[in-house]
Amino acid sequence: MHPRDLLNEAMAGLLARPVRSVLTTLGTVLGITTLVVTLGVAATAGNQIVGRFDELTATSVTVEVPENPFPLVDWADVGRVTRLRGVVSAAALAESDQSANLSVRSNDVVDPTRVTDQTLTVVASSPGLPAAVKGRMVEGRYFDAGHIARGDRVVVLGRHAADMLGITRLERAPAVFIGTQAYTVIGVLGDLKREKSLASAVMLPPAVGKRYGLGTVTRVLVNTGLGAAELIARQAPAALSPGNEALLQVISPSSPTRARDAVEGDVNALFLILGLVSLVVGAVGIANVTLVTVMERIAEIGLRRALGAARRHIAAQFLLESTLTGLTGGVVGASVGIVVVVAVCAAKQWTPVLDVRLAVMAPAAGAVVGLLAGLYPALRAARMEPVNALR
Amino acid sequence: MPEPVILLDDLTKEFPADPPVRALSAIDLRVERSDYVAIVGPSGSGKSTLLNMLGLLDRPTSGGYRLDGIETTTLKDSARTTVRGSRIGFVFQSFHLLPHRSVLENVMLAEVYGRGSRRGRRERALRALERVRLSHRVGFLPGRMSGGERQRAAIARALMGEPALLLCDEPTGNLDSRNTHAVLDLFDELRAQGLTIVVITHENEVSERAARRVRITDGTLAEE
Ligand SMILES: Nc1ncnc2c1ncn2[C@@H]1O[C@H](COP(=O)(O)OP(=O)(O)OP(=O)(O)O)[C@@H](O)[C@H]1O
Ligand SMILES: [Mg+2]
C-alpha cells in the first residue's frame, strides 16, 4: 500500500464525519493548551522573578569595613572603585551604634500640638550615595565635594525621615537639629532601590559626621554592570585598601542561574501534572470515539479486507486517523496556548518567554497521544475476521 | 488443458457448535474459465458459507481449494489476503459502497491495497465505469444513485485489476426487475468478454440466465 493512499484513506475517514472529528479533537486541544499555557506562563513567570532578582541583587556588591585601630578605607578611596571597569556607581557610608538612635527635630519652635522630636538614624556618606542606592533627589540636591571640603553644616534627609519631620519644601532652607546642633536641609532622597532603610535616615557629610562617631568608612556600596559583579567583588577590596584587602568582607550576589532553576523547578512540577492529566483525559476521549468509529465501520472494514487489505493495513488506517486527530489537537492547542500566554503576558506586562521546543513538541505530543489512544481500537479493527465483518 | 479457475476437492466446513453444524460436506466443484455458474438453494443450505470459501474470506475445515491453479488452503493469512485482493472481485447484495466517496473514488479503492502503481489508476477506474456504462455518474455520491446504478458501480470496482473470478452474493437481491435486467445483461457481456462469474441467488430469473446451475441442499452440491 502506498503511503499516499494510506494518508488519503485516513483523511477521508476523518472528513466523512467532520463534526465528530472536531469534537474528538477538543480533549487534546484542551490538554495541549493547558500544557502550553502552564509551561509558557511558568517559564515567563520564572523569568520575571529571575529578572527582578537580577536587577536588584545580581549587580549589587557590598564591602564591609571592620573596625580597626587605623582606618582601613579612606573616604577618597571610593573614587578608585568607581574607576574600575564594570562599576556603575559606588559610595562610602559610615554608620555607628552611637548615631543609630539620635533625637532629631525640625525646628526650635515648640509647637504643643505636634511632636517634632524623632528618633532617627544618622549616617555619613560620600557624595555618590543617591546613585549608589539607585534613588533620586525628590527635593533639592545631595551634598558635593565642595560642601565636604568647606565643612558646611548641611544634611540630606531620607524621604521617610523628611515626612516624619514634617519637612516638605526646601525654599525657605529649613533646618533640623541633631541634639543641639542645627543643620540646613539641602535635599530629600527618595525612591531607594538598595539600602531602603536609609529612607528614614539623616545623611551628613563625613567632615560633620566625625562629631557623631561617623569619621571612618564602615561600608562601601558598589553597583556593577550585569555580569560584572563577580569580578568587581574580587577587585574592590584591593582597590579600596591596598595591602589590607583580606580584612575587608565582600557580600556579592548568589549565582542567578541557580535562582532561576529553583523557581522553575517548583512551578513546573505542579503545572506539568495538571497538563498531563488533561492530556490523559484527551487520550481517553480519542480512544473512545475511535472505538465507536471502528464498531460503526465494521462493514467498511469487511469491504477493505475483501479488496485485499491486510490486517496491518486496517490497523494502520485507524492508527493514522487517531494520530491525525491528536496532531490536529496538538497544533490547535499549541496555537491557542501561545495566544493565551501572550495575552497573560500583555495583561501582566511581562515579557513572554516562548520556548521554541515547546511550540514544536506540543503538536508532537498531541500526535503521540492520538497514536497511543488509537492502539486498542486499531487492534480491534485488525483482529476482525472478514467473514464476520461482511455479514 | 488449462487450470480451472475453481477446483474444490472434498471441501468440508463445520462450525463448532453443539452438535457441530456441517454447513458444507465434502463438496467437489470445478469451474472453468469464462464459466457462468449460478448457485441456488433454500435458506440455510450453505450458499453464503460456500461463497465465503470461494472468496477466501473463511477457511474450510478440510479439503482442497485451488483458485487459478493456486492451492489456497495451505496459504498463510497474508498470502490469502493478497490472492483475494488480486484474483477475486466481489459483488455484494448491499453494494458496500463508501457513502462519503464519489463513484470514481469507490472504484479506485479496489487498487489501493494492491502492488500496482498509482499512475493510471484514475484512467483504469474510468474505463471500468465505462464497461458498466456509468461514465455519466463518475462524480456522484452513491446515495444520489439508483440501486441499479449503485450495483453497477460496485461491479466496476470488482472489475478493477482484471480479476480471475467475479463472486456475486445475491447481486440483484435489492433491485427491482428493470435494474435486475440491466445487471444481468451486464453479466452476459462480461462473460462474453471472458470473465468467470459465480452468482449466488435464490431468484429463478437470475439462475436461468446462467449457463450452469448448481443446487446446494444441506451442504451438498448437485448439478441441475
Ligand atoms: N458462524 C456460524 N456458526 C454456526 N453455524 C453457522 C455459522 N454460519 C452459518 N452457520 C450455519 O450453517 C448453515 C448454512 O448457513 P449459510 O449462511 O451458508 O446459509 P445460506 O444458504 O446462505 O442461507 P440464506 O439463503 O438464508 O442466506 C446454516 O444452518 C447456518 O445456521
Ligand atoms: Mg446467505
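Residues numbered from 1 in each chain as written. Chains lettered and ligands numbered in written order. Predicted model: local features only at pLDDT ≥ 70, side-chain atom pairs only at ≥ 80, totals over all residues. Heavy atoms only, no water.

Asker: Which parts of the structure should I look at to understand the sheet that holds strand 2 (residues 21-31) of chain B?
Answerer: Consider a sheet: its strands pair through backbone hydrogen bonds, and that pairing is either parallel or antiparallel. Residues and elements named next belong to chain B. Spatial strand order, 2-1-4-5: four strands in an open sheet with antiparallel pairing. Two strands bound the open sheet, and with one partner strand each, they are strand 2 and strand 5 (70-71). Where strand 1 (residues 6-15) lies against strand 2, seven bridges are found, and the strand directions are antiparallel. Bridging from a neighbouring strand, I6 pairs with V31 of strand 2. (Pairing = 2+ DSSP bridges. Helix = DSSP H or I, 4+ residues; strand = E, 2+ residues; numbered from the N terminus.)

Asker: Which parts of the structure should I look at to understand the side chain of E111(B)?
Answerer: Residue and element names in this part refer to chain B. By the element assignment, E111 lies in the loop between helix 3 (103-108) and helix 4 (121-131). Residue E111 is classed as buried on the basis of its relative accessible area of 13%. With residues near it in sequence (within four places) discarded, E111 still touches S117, R121, R124 and M160. (Buried < 20%, exposed > 50% of the residue type's maximum accessible area, 1.4 Å probe, protein only. Contact = heavy atoms within 4.5 Å.)

Asker: Where do I start with empty space enclosed by the protein in this structure?
Answerer: Taking a probe equal in size to a water molecule and rolling it over the atoms shows the remaining empty space. Residues and elements named next belong to chain A. Scanning the entire structure with this criterion turns up two cavities of 30 Å³ or more. Along its surface, the largest cavity is lined by 15 residues, and L14, S21, V289, T293 and E321 are the ones closest to its centre. Mapped onto the lining of the largest cavity, the elements with two or more residues apiece are helix 1 (3-15), helix 2 (18-58), helix 9 (256-296) and helix 11 (311-348). Classifying every residue of the lining of the largest cavity by side-chain character gives four nonpolar, seven polar and four charged. A volume near 100 Å³ is recorded for the second largest cavity. (1 Å grid on protein atoms, 1.4 Å probe; cavity = no way out; pocket = protein on both sides within 12 Å on 5 of 7 lines; lining within 4 Å. Points joined across faces, edges and corners; volume = space filled by probe spheres on them. Nonpolar A, V, L, I, M, F, W, Y, C, P; charged D, E, K, R; others polar.)

Asker: Where do I start with the pattern of salt bridges in this structure?
Answerer: When the charged atoms of two side chains lie near each other, side chains of opposite charge can form a pair. A full pass over the atoms with the stated rule returns 38 salt bridges over all chains. Between E321(A) and R297(A) there is a salt bridge whose closest N-O contact spans 3.0 Å. A residue pair is termed long-range when its members are at least 10 positions apart, and E321(A) in helix 11 and R297(A) in the loop between helix 9 and helix 10 (298-306) qualify at 24 residues. With a relative accessible area of 2%, R297(A) lands in the buried category. Within the structure, one salt-bridge network assembled from shared partners comprises E9(A), R297(A), E300(A), R304(A), E321(A), R101(B) and E105(B). (Salt bridge = Lys/Arg side-chain N within 4 Å of Asp/Glu carboxyl O.)

Asker: For this particular structure, what's the right way to read the interface of chain B and chain A?
Answerer: Reports often express the size of an interface as the amount of accessible area lost when the parts come together. Of the residues lining the interface, 21 residues belong to chain B; the matching set on chain A comes to 24 residues. Carbon and sulfur atoms supply 60% of the area that chain B and chain A bury against each other, a total of about 2,200 Å² over both sides. At the boundary of chain B and chain A, one finds five salt bridges. Of the charged contacts in the structure, one is a salt bridge between D77(B) and R311(A), with a shortest N-O distance of 3.1 Å. Looking at which element gives the most residues to the side of chain B that touches chain A, the answer is helix 2 (residues 77-87) of chain B, with four residues. The residue inventory of the side of chain B that touches chain A, partitioned by class, reads eight nonpolar, six polar and seven charged. (Buried area = accessible area lost by both parts, 1.4 Å probe.)

Asker: Sorry if this is basic, but what is going on with helix 10 of chain A here?
Answerer: Each α-helix winds once per 3.6 residues, and so residues spaced three or four apart point in a common direction. Residue and element names in this part refer to chain A. Of all nine residues in helix 10, seven are buried, a share of seventy percent or more. E300, I301, G302, L303, R304, R305 and A306 are the residues of helix 10 that are buried. Taken from the residues just after helix 10, G308 is the one with a positive phi, measuring 105 degrees.

Asker: Would you mind going over helix 6 (residues 177-192) of chain B with me for this structure?
Answerer: Residues and elements named next belong to chain B. Helix length check: helix 6, at 16 residues, gives a terminal C-alpha distance of 22 Å against a target of 22 Å (1.5 Å per residue), a fit within 8%. If you check which residues of helix 6 are buried, you get N179, T180, V183, L184, L186, F187 and L190. Take helix 6 and look down its axis: the buried residues cluster within an arc of 155 degrees, on one side only. Exposed positions of helix 6 whose direction lies more than 90 degrees from the buried face are R178 and A192. Structurally, helix 6 contributes buried residues whose contacts are with strand 3 (36-40), helix 4, helix 5 (147-159), strand 7 (165-169), strand 8 (196-200) and helix 7 (204-209). At the exit of helix 6 stands G194, carrying a positive phi of roughly 105 degrees. (Expected span 1.5 Å × (residues − 1). Arc of directions from axis to C-beta.)

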